[in-house]
Amino acid sequence: NARSDGELRAAQRLLGGALHRVCGSISGKLLDMLSLLEAQLDFAEEEIELISVCRLGKESRGVLMELEELLAKSVTWEDLHHLPQVVLAGPANAGKSSLANRLLGMDRSIVSAIAGTTRDALTAPLRLAHGECLLIDTAGLGEVMDPLAEKTQNLTRQKMENCDLLLWVVDGSRPDAEENIRLCQPLPSRRPILVVVNKTDLSETAKLKCRLNACLSPVFVSALTGENLEELKDRISRILQKEITDGPAQALALTVRQRQAITEARIHLEAAVLILEKTDSPALELLALEIRGAMERLGTISGEIATEDILGRIFSRFCIGK
């Protein structure tokens, strides 16, 4: 049922047992601690210290940190539901709407030679080699002539700040094309920026291509003729794919139930650490109760741990009964 590459990769990780392995590893550490605690309680009269308070504190805090890190680095399925957002932005009248229509294969945006035609953020799904993205056509940036233009430009900047990929589109035939290209360098976008130079069908753009700094790696396209649009879509797809590979899809995606179970296990561990820190002679019965509670909550994810498992750990370590 995955609706994006991010969901698919996250589901594959869960199917491969990634969450089970993490929770199973933590449960194993808790089981080791609990088996020593139970043995300590059962043979308290022997005056043998099977595990010190210092070691209990160190191991409890270590497991607590693992649970906190698991929660911090995980994502919800809702985080992965949204399609990557690709925003078309740039100076007014650079051909963003024409480019959007050409990429989408339909007239989604109104096109006019008059600057400032686009007054809103227009969104439509765009099919790529690796799934889909949401292509967002925004109003051009430039001199503000009226309150409405100011609102539309504020909306454009908002979309730029929150997108997954920013396509900075400029008119390559204009005399100030190079200056407009450089305007993208201090932009507030937190995501990758791909420079798109439009109107390669014009001779002025061809001249610009010869003298432009290659380090920007722009894509030269023509919304009019469709030149290099497939290359642009390929670049978009590869950039988004890298973002997915390096981004949230590498984190574990947790359901509400799984997140709740891990959170409750963390609460039990926090209580255990508090018991150990409050006094030099902590109540081991209460400590064992909290550790068992944490194990039970994780057991709903990694598989239940029975009493026999605890006894098995005790008998594997000590010659009891001889």
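Since we're looking at a predicted model, the values are computed, not measured.

Caption draft 1: Examining the overall build of the protein chain more closely. Along the backbone of the protein chain there are 12 helices and 8 strands. Residues classed as buried in the protein chain amount to 44% of the 322 residues present. Within the protein chain, counting contacts between residues at least 6 apart in sequence, those at least 24 apart form 70% of the total. Carbon and sulfur atoms form 52% of the exposed surface of the protein chain, whose accessible area is close to 17,100 Å².

Caption draft 2: How the structure looks around the nonpolar core. Judged by nonpolar contacts, the single largest core of 34 residues is most densely connected at Leu-30, Leu-56, Ile-262, Leu-287, Ile-291 and Leu-298. Put simply, the parts of the chain that give this core at least two residues each are helix H2 (18–42), helix H3 (53–73), helix H10 (256–278) and helix H11 (284–302). A total of 10 residues in this core trace back to one element, the largest contributor, which is H2. Setting aside its immediate chain neighbours within four residues, Ile-291 contacts Leu-30, Met-33, Leu-34, Leu-37 and Ala-272.

Caption draft 3: Representation of the sheet that holds strand S5 (residues 165–171) within the structure. Strands sit in the order S3-S4-S2-S5-S6-S7 across an open sheet of 6 strands; the sheet is mixed. The open sheet has two free edges, formed respectively by strand S3 (122–128) and strand S7 (219–220), since each of these has just one partner strand. In this structure, strand S6 (residues 193–198) lies alongside S7, joined through 2 bridges in parallel fashion. By the bridge assignment, Val-196 is partnered in S7 with Val-219. With respect to the sheet, helix H5 (residues 96–104) is in contact with strand S2 (85–89), S3, strand S4 (131–137), S5 and S6, its orientation differing from that of S4 by roughly 155°.

Caption draft 4: Up close: the environment of Glu-132. When you line up the elements, Glu-132 lands in strand S4. C-alpha separation for the pair Glu-132 and Pro-84, spaced 48 residues apart in sequence, amounts to 7.6 Å. Residue contacts for Glu-132: discarding those within four places in its chain leaves Leu-83, Pro-84, Pro-125, Leu-126 and Arg-127.

Caption draft 5: Representation of H5. Taking burial as the measure, the 9 residues of H5 include 7 buried ones, the bulk of the element. Among the residues of H5, Lys-96, Ser-97, Leu-99, Ala-100, Asn-101, Leu-103 and Leu-104 are the ones counted as buried. Note on H5: the residue one or two positions beyond its end, Gly-105, has a positive phi of about 75°.

Caption draft 6: Just the pairing of S6, in detail. S6 sits mainly inside the fold: 5 of its 6 residues count as buried. Taken together, the 6 bridges between S5 and S6 define a ladder with parallel strand orientation. Bridge pairing links Trp-168 to Val-195 in S6.

Caption draft 7: Here's a closer look at the environment of Val-169. Tracing the sequence through the fold places Val-169 in strand S5. For Val-169, a relative accessible area of 0% translates into the label buried. Considered as a pair, Val-169 and Lys-96 are 73 residues apart in the sequence and their alpha carbons are 6.4 Å apart. Non-local contacts of Val-169, meaning those with residues more than four positions away in its chain, are made with Leu-88, Ala-89, Gly-90, Pro-91, Ala-94, Lys-96, Leu-99, Val-196 and Asn-198.

Caption draft 8: Molecular detail of the pattern of salt bridges. Tallied over the full model, the rule gives 10 salt bridges. One salt bridge connects Glu-66 with Lys-29, and the closest N-O pair in it is separated by 2.5 Å. Of the two residues, Glu-66 is situated in helix H3 and Lys-29 in helix H2; the sequence distance between them amounts to 37 residues. Judged by relative accessible area, Glu-66 falls into the partly exposed class, the value being 27%.

Caption draft 9: Inspection of the side chain of Asp-164 at higher detail. Counting through the fold element by element, Asp-164 comes out in the loop between helix H6 (147–162) and S5. Of note is the side chain of Asp-164, whose polar atom sits 2.7 Å from the backbone nitrogen of Gln-85.

Caption draft 10: Highlighting the side chain of Asp-171. Note that Asp-171 resides in strand S5. Among the residues examined, Asp-171 registers a relative accessible area of 7% and is labelled buried. For Asp-171, the contacting residues outside a window of four places in its chain are Asn-93, Ala-94, Ala-177, Asn-198 and Lys-199.

Caption draft 11: How the structure looks around unusual backbone geometry. One non-glycine residue, Asn-93, adopts positive backbone phi at about 65°. Classification of Asn-93 as partly exposed rests on a relative accessible area of 34%. The phi torsion at Lys-199 lies on the positive side, around 75°, for a residue other than glycine. By the element assignment, Lys-199 lies in the loop between S6 and helix H8 (203–211).

Here is what the cut-offs are and how they apply
- Residues numbered from 1 in each chain as written.
- Predicted model: local features only at pLDDT ≥ 70, side-chain atom pairs only at ≥ 80, totals over all residues.
- Heavy atoms only, no water.
- Helix = DSSP H or I, 4+ residues; strand = E, 2+ residues; numbered from the N terminus.
- Buried < 20%, exposed > 50% of the residue type's maximum accessible area, 1.4 Å probe, protein only.
- Contact = heavy atoms within 4.5 Å.
- Areas by Shrake-Rupley, 256 points an atom, 1.4 Å probe, with all protein chains shown as cover.
- Core = buried A, V, L, I, M, F, W, Y, C linked by side-chain atoms within 4.5 Å.
- Pairing = 2+ DSSP bridges.
- Axes fitted to C-alpha atoms, helices over the stretch in contact; angles between N-to-C directions.
- Salt bridge = Lys/Arg side-chain N within 4 Å of Asp/Glu carboxyl O.
- Polar contact = N/O pair within 3.5 Å; in protein donor to acceptor, adjacent residues only side chain to side chain.

By themselves, these figures tell us nothing about what the structure is for.
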